[in-house]
Every structure is written in structure tokens, then in C-alpha cells.
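In case you want the letters, here they are:
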Amino acid sequence: MTQTLSREVEGTQIPDTPSRSSFALALSDCRVLVGRNVKHIARNSEMLIQAVSLPIVLLLLFRFMFGGAITVPGMAYIDYLLPGLLAISIAFNSTSTVVGVAADLTQGLVERFRSMPMAGPAVLVGHVVSGVLRSLLSFVVMAAVGLAVGFRPAAGVLGWLGAIGLLTLFATGVFWLATLLGSIAKTVEGAGGLGMILVFVPYATSALVPTASMPSVLRAVVDNQPVTVLIDAVRGLMNGTELGSTGWLALAWWVVITAGAAYLAIRKFHQRSRG
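All of these numbers come straight from a predicted model, not from anything done at the bench.

1. So, the packing of helix α9 (residues 226–239) against helix α10 (residues 246–273)
For any two helices packed against each other, one specifies the crossing angle of their axes together with the interaxial distance.
Link 1 in the chain: Running from N to C, α9 and α10 cross one another at 135°; their axes reach a closest spacing of 8 Å. As the angle between them shows, α9 and α10 are arranged oblique. Helix-helix and strand crossings are classified by hand; for α9 and α10 the assignment is left-handed. In contact with P226, V227, V229, L230, D232 and A233 of α9, α10 contributes T246, G247, L249, A250, W253, W254 and I257.
Link 2 in the chain: When the residues that make up the contact of α9 with α10 are grouped by side-chain class, the tally is ten nonpolar, two polar and one charged.

2. Remarks on the side chain of T246
Link 1 in the chain: With respect to the secondary-structure elements, T246 resides in helix α10.
Link 2 in the chain: The class of T246 is buried, set by a relative accessible area of 18%.
Link 3 in the chain: Here L243 takes part through its backbone oxygen, which lies 2.7 Å from a polar atom of the side chain of T246.
Link 4 in the chain: In this structure T246 touches V229, D232 and A233, once residues within four positions along its chain are discounted.

What counts and what doesn't
Residues numbered from 1 in each chain as written. Predicted model: local features only at pLDDT ≥ 70, side-chain atom pairs only at ≥ 80, totals over all residues. Heavy atoms only, no water. Axes fitted to C-alpha atoms, helices over the stretch in contact; angles between N-to-C directions. Helix = DSSP H or I, 4+ residues; strand = E, 2+ residues; numbered from the N terminus. Parallel < 35°, antiparallel > 145°, perpendicular 65-115°, else oblique. Left-handed = near helix turned anticlockwise from the far one by under 90°. Contact = heavy atoms within 4.5 Å. Nonpolar A, V, L, I, M, F, W, Y, C, P; charged D, E, K, R; others polar. Buried < 20%, exposed > 50% of the residue type's maximum accessible area, 1.4 Å probe, protein only. Polar contact = N/O pair within 3.5 Å; in protein donor to acceptor, adjacent residues only side chain to side chain.

By themselves, these figures tell us nothing about what the structure is for.
Structure below.
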């Protein structure tokens, strides 16, 4: 027999148990999915090696093999190079996110999540946050290697904070773009191919060489694309040089790109997960 419990015991009223808001539940779901992806990174030594190996190889390659042939007015080539390689490393790390989102959609994991009372976008947030954390790890390792091979930034505390802030915003935008590509991909193999789009875009910038020697039409495109603006702003902050309008332009570009990519990724993910 079911017994009904009274809310009053010896004249004392027992307060109702407060219910958690939907926003708090969504944050809890995101925390769980972030933890899931971070554990995957920690347990997968190959992913950690991938996150730092190629950027370090590129840094050493350009520093010692090509650096002597490239002249940058007003600064050492390593001081010019490192900020660009940080952006390249973020784009390179995004490929595993593209593949991871596609795998979640095509291998049944999302169907299992749908049977639970959880927020759908938490899956994507988990991938984005873990990807940004992986990029920050790569940033620390590359900065340490750069200092060991001659990188001598002139930035003060505010310059470093500004550079890290812009790179974090850039990483967030790139990883939301990666989740969008992963939601579009029909297969895991196809996701790997789509991810290469993000890998190669930062090469068509001022990351590795100044744009002054480029043909006029190409230079106009490269100078005004959002990744170049971001790299130029980070380079100026790290080296203590004049930013001009690049700082505000980089902030505006990547706030808009991040918001747009997040909206489109969540919308496409919902369409795919609902069948």
C-alpha cells in the first residue's frame, strides 16, 4: 500500500525540493560531455602527440631550414613566425574534432544520448571545449620550444593576455566550424577530407611569410581574410608592435564567425540526430 507523506511533521512544514532550471541542467550535461572528451584525450597518447608534433616540426623546419632565406623588416624571423604557427596548430588540431563529431553521428552514440534527458548541443560543446583545451596545451608547448630556439617576444602582461584571448577566441571559432563540418559529413572518412579545409586555410595568410612579395590580387585577398587579421593582431601583441585596426577587426571577425558557426552547427546537428 502506498503511504502519502505529509509535508508537516510536528508542526514544521518541510519545504519543497527546489527543481533545477533547464539552463543548469544543460550546463551539467555540457560538463559531463566535456569530461568525456578530455578523458579521451588524456587516455589517447597518439592524440596528444598529434596535437604538438606537427607544429613543433614546422617550427624547427622554418626556423633552421628556411629562416635564413626569409627576411622580415624590423624583427627576427622566429618572432614573426611563431604567432602564425600557433594559428596553424589550432587549425591542424581541429581535424580530430571533425572526425569525432561525424563518428558520434554515424556510429550510434547520439541515438543513445537521445534516449536520455540531456541537452542535444552538449555533445558539440563537449567537442569544442576539449578541442580548445587541446589547443592551449599545444600553445604552451610551442611557446616553450620557440623560446628555446630564439623567440624573444617584447610583450608585457597585457600583450600576452590579449594574444592568448584572441587565440582562444580563434580556437573556439575554428572548433565550432569543425563541429559544423562533422555534422555535414556523411561518413567518418569523408569527415577527414572536410577537415583538411580548416588545415589549409591558415597557410593562405601572412603566417609564414610577409605578403609584400605576393601578386597584387592575391595580396589583397590574403591581407583582408579573417585568419590573416587574427595572426597580424597576435603578432603585434606578442612583439609589442603597432596593432592599428587589426585587433578590433580580429575581434569582430571571430565573434561573428564563432556565433554563426555555433548556430549552424547546432541546427545541422539537430537535423542529423532527428533523422
